[in-house]
Amino acid sequence: MPIDLHTHSTASDGTEAPAVVVARAGQAGVDTVGLTDHDTTLGWAEAATAASEHGVTLVPGIEVSCSRGRQSIHLLAYLPDPTHPDLTSELVRARTSRDTRLERMVQRMADDGIPVTLDAVRAQVEEGATAGRPHIADALVAEGVVAHRDEAFARWLGNDSPYYVTHYAPDPVRAVEVVRAAGGVPVVAHPWSGTRGRVVSDALVEEMVHAGLAGLEVHHRDHDGDAVLHLTELAAAMGLLVTGSSDYHGNGKRNRIGEHTTAPAVLEAIEEQATGTAVVRP
Ligand code: AMP
Ligand code: FE
Ligand code: FE
Ligand code: ZN
């Protein structure tokens, strides 16, 4: 009964429609899938319909962008009320800021002679979807400038690139409070996926625990053995749930759906804590 609680669709920077992500989960033998697009619940309805059709259980979620100083932190929010005003206003603010940030990044790149236009980038973003750097990469792939998203990130789109522009995102402690207020269950996504020195510190995790953090995504492709060991111990010390997920992005990333999974008892605990939205069972 594999449970994969972190995937992306064309509602943000995945390359497959929500219904296709759910179908892929079913084909891969994944019993329960979490759809967690960046800063949006846009894909939930389509995924719920597809879940019934494919006999897959759906856990509606969001990967909420957060930032503190120059550090970017991702917070998974499971089963929040998608209409909660504090939550929706944070998400709208982040998505709006992502749009202007995309314009500024494309402008900087174009000014420097990289063959990319705002129209070409916008053409890669589905109506209403959350825009991100992967869409700039997709425009460059479509124009034949690079072969794959990875190449675009390596050359121009990384956090250390001169073209990188930040966007509004709530402080992670605020985000935990808002997700809980919306009846959701907050779990830090890939806490140690950053380069050394940029991982989510134990001190920040502790601050987030005091605000209501429920768990850590320990099992993830970006975590090596040391990361898994450290985060497992940290979760135990702080009384946090431990999840594992693929962070599937269709063909936008190498991550295979179901490559890391979450224990059934952990999903039960998430469901018990949630009051915002129900799990969709076929
Ligand atoms: P943004 O949300 O606009 O800051 O862009 C970050 C997103 O880019 C992450 O959620 C990843 O999905 C994606 N990403 C980061 N690095 C890479 C990479 N090397 N190849 C493909 N996608 C990437
Ligand atoms: Fe992503
Ligand atoms: Fe993430
Ligand atoms: Zn993700």
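Summarised in this report is the structure supplied together with it. (Residues numbered from 1 in each chain as written. Chains lettered and ligands numbered in written order. Predicted model: local features only at pLDDT ≥ 70, side-chain atom pairs only at ≥ 80, totals over all residues. Heavy atoms only, no water.)

1. Observations concerning the packing of aromatic side chains
Applying the stated rule across the entire model yields zero aromatic pairs. Over the ring of Tyr168 we find Arg93; its NZ or CZ atom is 3.7 Å from the centre of that ring. (Phe/Tyr/Trp six-rings, centres within 6.5 Å; stacked < 30°, edge-to-face > 60°. Lys NZ or Arg CZ within 6 Å of the ring centre and 35° of its normal.)

2. What about the pattern of salt bridges?
Counted under the stated rule, the structure contains 13 salt bridges. Glu103 is the partner of Arg122 in a salt bridge, and the nearest nitrogen-oxygen pair spans 3.1 Å. Note that Arg122 is positioned in helix H4 (residues 118-122) and Glu103 in helix H3 (residues 85-111), a separation of 19 residues in sequence. Overall, the relative accessible area of 31% leaves Arg122 in the partly exposed class. One salt bridge connects Asp138 with Arg149, and the closest N-O pair in it is separated by 2.7 Å. Of this pair, Asp138 sits in helix H5 (residues 133-142) while Arg149 sits in helix H6 (residues 149-157), and the two are 11 residues apart along the sequence. Residue Asp138 shares its accessibility class with Arg149, and that shared class is buried. A single salt-bridge network, built from bridges that share partners, covers Arg68, Asp171 and Glu207. (Salt bridge = Lys/Arg side-chain N within 4 Å of Asp/Glu carboxyl O. Helix = DSSP H or I, 4+ residues; strand = E, 2+ residues; numbered from the N terminus. Buried < 20%, exposed > 50% of the residue type's maximum accessible area, 1.4 Å probe, protein only.)

3. Observations concerning the site of ligand 1
Not every one of the 13 residues close to ligand 1 is listed here, only the nearest: Arg98, Arg101, Arg133, Asp150 and His249. At 3.0 Å from an oxygen atom of ligand 1 is found a side-chain nitrogen or oxygen belonging to His38. Separating an oxygen atom of ligand 1 from a side-chain N or O atom of Arg101 is a distance of 2.8 Å. Here ligand 1, which alone exposes 500 Å², has 83% of that area covered by the protein. More than half of the atoms of ligand 1 fall within 2 Å of the grid points belonging to the largest pocket. Counting residues per element, the ones that place at least two in the shell around ligand 1 are H3, H5 and H6. Ranked by the residues each element gives to the shell around ligand 1, the list is headed by H6, at three residues. (Near = heavy atom within 4 Å. Polar contact = N/O pair within 3.5 Å; in protein donor to acceptor, adjacent residues only side chain to side chain. Areas by Shrake-Rupley, 256 points an atom, 1.4 Å probe, with all protein chains shown as cover. 1 Å grid on protein atoms, 1.4 Å probe; cavity = no way out; pocket = protein on both sides within 12 Å on 5 of 7 lines; lining within 4 Å. Sits in = over half its atoms within 2 Å of the grid points.)

4. Structural notes on the pairing of strand E3 (residues 57-68)
Buried residues dominate E3, accounting for 10 of its 12 residues. Alignment of strand E2 (residues 32-38) against E3, held across seven bridges, turns out to be parallel. Paired with Gly34 across the strands is Val59, a residue of E3. As paired elements, E3 and strand E4 (residues 71-78) share eight bridges and run antiparallel to each other. Counted as the bridge partner of Glu63 is Leu76 from E4. Counted between consecutive antiparallel strands, the loop separating E3 from E4 contains two residues, among which Gly69 sits at a positive phi close to 60°. (Pairing = 2+ DSSP bridges.)

Read these as geometric descriptors, not functional statements.
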